[in-house]
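Close look at the chain arrangement
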Amino acid sequence: MFCRIVSGEVPAEILHEDAEILAFRDINPQAPHHILVVPRKHMDSLLQVEEGDMHLLGRMHQVVAQLARQNGLVDEGFRVVVNTGPAGGQTVGHLHFHLLGGRDMRWPPG
Ligand code: 5GP
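Read on for a plain summary of the structure. In this text the structure is predicted, and so the values were computed from the model without any measurement.

**Overview of helix H2 (residues 54-70)**
Helix length check: H2, at 17 residues, gives a terminal C-alpha distance of 25 Å against a target of 24 Å (1.5 Å per residue), a fit within 8%. For H2, the complete set of buried residues consists of Leu56, Leu57, Arg59, Met60, Val63, Val64, Leu67 and Ala68. Tucked inside the fold, the buried residues of H2 contact strand E1 (14-17), strand E2 (21-25), strand E3 (33-39), strand E4 (78-81) and strand E5 (97-101). Directly after H2, the chain includes glycine 72, whose backbone phi takes a positive value near 70 degrees.

Structural data, given as structure tokens:
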């Protein structure tokens, strides 16, 4: 599914786009700000990250921080989640970071 958003085949509200990374609003937001940060390169999950992906993974964190600043989340704080596998709650098999903000988060998460 996210490969189809990356290719432009499926529309999304894009907030960041560069040669390696795309960020767009989640279709079913779980917080006032719910943004998905996705590598263009297909990886099923964190379990497929390789040595050569270190720079990309670092840049994904930079994009999260940039989006947090742009969306006014710095003072209140925010949460970054990477669901992995069925028990982890992953429903889309393309690595993505959830950036959630704009409300108080609970711990432990559900
Ligand atoms: P996961 O459950 O894999 O951690 O997260 C997948 C996320 O992708 C969910 O929060 C879901 O709402 C979102 N999602 C699924 N399909 C689409 C889509 O077509 N467009 C957008 N923008 N988000 C999607």
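From this point, the narrative continues.
**Remarks on the site of the ligand**
Contacts to the ligand come from 17 residues, most closely from Asp26, Asn83, Thr91, Val92 and His98. In the model, an oxygen atom of the ligand is placed 2.8 Å from a nitrogen or oxygen of the asparagine 83 side chain. Within the complex, 85% of the 520 Å² of free accessible area of the ligand lies under protein. Under a 2 Å grid-point criterion requiring more than half of the atoms, the pocket assigned to the ligand is the largest pocket. Where the shell around the ligand is concerned, the elements lending two or more residues are helix H1 (2-6), E2 and E3.

The rules we used
- Residues numbered from 1 in each chain as written.
- Predicted model: local features only at pLDDT ≥ 70, side-chain atom pairs only at ≥ 80, totals over all residues.
- Heavy atoms only, no water.
- Helix = DSSP H or I, 4+ residues; strand = E, 2+ residues; numbered from the N terminus.
- Expected span 1.5 Å × (residues − 1).
- Buried < 20%, exposed > 50% of the residue type's maximum accessible area, 1.4 Å probe, protein only.
- Contact = heavy atoms within 4.5 Å.
- Near = heavy atom within 4 Å.
- Polar contact = N/O pair within 3.5 Å; in protein donor to acceptor, adjacent residues only side chain to side chain.
- Areas by Shrake-Rupley, 256 points an atom, 1.4 Å probe, with all protein chains shown as cover.
- 1 Å grid on protein atoms, 1.4 Å probe; cavity = no way out; pocket = protein on both sides within 12 Å on 5 of 7 lines; lining within 4 Å.
- Sits in = over half its atoms within 2 Å of the grid points.

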